[in-house]
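Here's the letter readout for the chains.
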Amino acid sequence: MRVLMVGCGNMGFAMLKAWIESGCLSPDETGVVEPSEEGRARVAALGASTFADPPSPDDFGAELIVLAVKPQVMADIAPAYRSATARGAAVLSIAAGLPIRRYEEIYGDQTPIIRVMPNTPAAIGEGMMAYIANDAAGGALIANVRKLLETNGAVAELEEESQMDAVTAISGSGPAYVFHFIEALAEAGEKLGLSADLAALLARQTALGAAKLAADGETDPAELRRQVTSPNGTTAAGLAMMMTDDRLKTMMAEVADAARRRSIELSS
Ligand SMILES: NC(=O)c1ccc[n+]([C@@H]2O[C@H](COP(=O)([O-])OP(=O)(O)OC[C@H]3O[C@@H](n4cnc5c(N)ncnc54)[C@H](O)[C@@H]3O)[C@@H](O)[C@H]2O)c1
């Protein structure tokens, strides 16, 4: 499948890197439109073709256009690829907020369109990729796109597009919450007198180890938490600060709701 990615910043590059490095996508069949010279240089290092401006369909012949620009500029940028979709190219969008109907307004509802919400651990094959397709997207296209997404991590098909705002709030934005937790844990270590380097190492490794223990889903996170918590011990003392009156749960619900509301705002 000849893939043309439009915009290759933080998220687009994270996905593309795994597609190419896994061998799922050949650099020969990959093109990237990216105005930033630095952005083009790192794509060129993967062996893919780069363009500062949209190539004509004759020049590239894309079968899949991957829209990976910011949602706020999508309406200005996406129409330049109408000639490619008119020749049969499908569209995969990773933009937050924008519903499939927005792309159908640009390309027509006969154009196969898939909307995916990725996250940045996609770069190392540990992403969460949740997608939904329009009626025009056939089984063969979806199977090919899933093969690409599987190189980025776990893949889930949504039942309805309305789930996408909540998915964005949880897994799309979620890595940032976890990174901030790691920052906060490290800063707490420094406040307790540890060096910055040691505190950062403890925080990073603890997050990694805990995530790996929780990853297979076989043991409930609540049970994993109980295994750390001796009655009347240190963890119980610490957790009381998080759990009394559901302090952390209340905050996480507010965090997720703010992100979901912003996703809804971006769609209008
Ligand atoms: N960063 C994330 O964690 C994340 C997660 C899920 C979804 N997304 C979605 O991914 C999309 C990209 O986000 P990002 O974080 O990678 O942003 P980014 O700013 O890092 O990347 C956007 C890229 O688009 C390029 N660009 C600007 N104008 C262009 C044009 N006319 N043609 C082609 N490229 C152009 C920019 O140079 C930039 O490299 C957004 O729609 C966002 O909602 C991001």
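Note that this is a predicted model, so its numbers are computed, not measured. (Residues numbered from 1 in each chain as written. Predicted model: local features only at pLDDT ≥ 70, side-chain atom pairs only at ≥ 80, totals over all residues. Heavy atoms only, no water.)

1. Quick look at the overall build of the protein
Of regular secondary structure, the protein possesses 13 helices and eight strands. Dimensions of the protein, computed from C-alpha atoms along their principal axes, come out at roughly 70 × 35 × 30 Å. By the burial criterion, 39% of the 268 residues in the protein qualify as buried. Accessible surface computed for the protein: about 14,500 Å², of which carbon and sulfur atoms make up 55%. Of the side-chain charges in the protein, 22 are positive and 35 negative, and the distance between the mean point of each set is 3 Å. (Helix = DSSP H or I, 4+ residues; strand = E, 2+ residues; numbered from the N terminus. Buried < 20%, exposed > 50% of the residue type's maximum accessible area, 1.4 Å probe, protein only. Areas by Shrake-Rupley, 256 points an atom, 1.4 Å probe, with all protein chains shown as cover. Lys, Arg positive; Asp, Glu negative; His and termini not counted. Charge placed at Lys NZ, Arg CZ, Asp CG, Glu CD.)

2. Some words on the packing of helix α8 (residues 164-172) against helix α13 (residues 247-266)
At their nearest, the axes of α8 and α13 sit 8 Å apart, and the two run at 130 degrees to each other. In terms of axis orientation, α8 runs oblique to α13. In this structure, α8 crosses over α13, and the sense of that crossing is right-handed. Mapping the contact onto sequence places Asp 165, Ala 166, Thr 168, Ala 169 and Ile 170 in α8 and Ala 256, Ala 259, Arg 260, Ser 263 and Ile 264 in α13. (Axes fitted to C-alpha atoms, helices over the stretch in contact; angles between N-to-C directions. Parallel < 35°, antiparallel > 145°, perpendicular 65-115°, else oblique. Left-handed = near helix turned anticlockwise from the far one by under 90°. Contact = heavy atoms within 4.5 Å.)

3. Here we look at the packing of aromatic side chains
Evaluation of the coordinates by the stated rule reveals one aromatic pair. On the basis of an interplanar angle of 80 degrees and a centroid distance of 5.9 Å, the ring pair of Phe 51 and Phe 60 is categorised as edge-to-face. Judged on exposure class, the residue Phe 51 and its partner Phe 60 are both buried. Sitting above the plane of the Phe 60 ring, Arg 2 keeps its charged end 4.4 Å from the centroid. In this structure, Arg 42 is placed above the aromatic ring of Phe 13, and the distance from its NZ or CZ to the ring centre is 4.1 Å. (Phe/Tyr/Trp six-rings, centres within 6.5 Å; stacked < 30°, edge-to-face > 60°. Lys NZ or Arg CZ within 6 Å of the ring centre and 35° of its normal.)

4. Quick word on the sheet that holds strand β6 (residues 113-117)
Reading across from one edge, β3-β2-β1-β4-β5-β6-β7-β8 is the order of the eight strands in this open sheet, with mixed pairing throughout. Each having just a single partner strand, β3 (49-51) and β8 (153-157) make up the two edges of the open sheet. Sheet twist, expressed as the mean angle between neighbouring strand axes with direction ignored, is 20 degrees. Alignment of strand β5 (residues 90-93) against β6, held across three bridges, turns out to be parallel. Residue pairing in the sheet places Ser 93 in a bridge with Arg 115 of β6. Contacts from helix α6 (residues 100-107) reach β4 (64-67), β5, β6 and β7 (127-133) within the one sheet, and its direction differs from that of β6 by about 145 degrees. (Pairing = 2+ DSSP bridges.)

Purely spatial values, then, with no claim about function.
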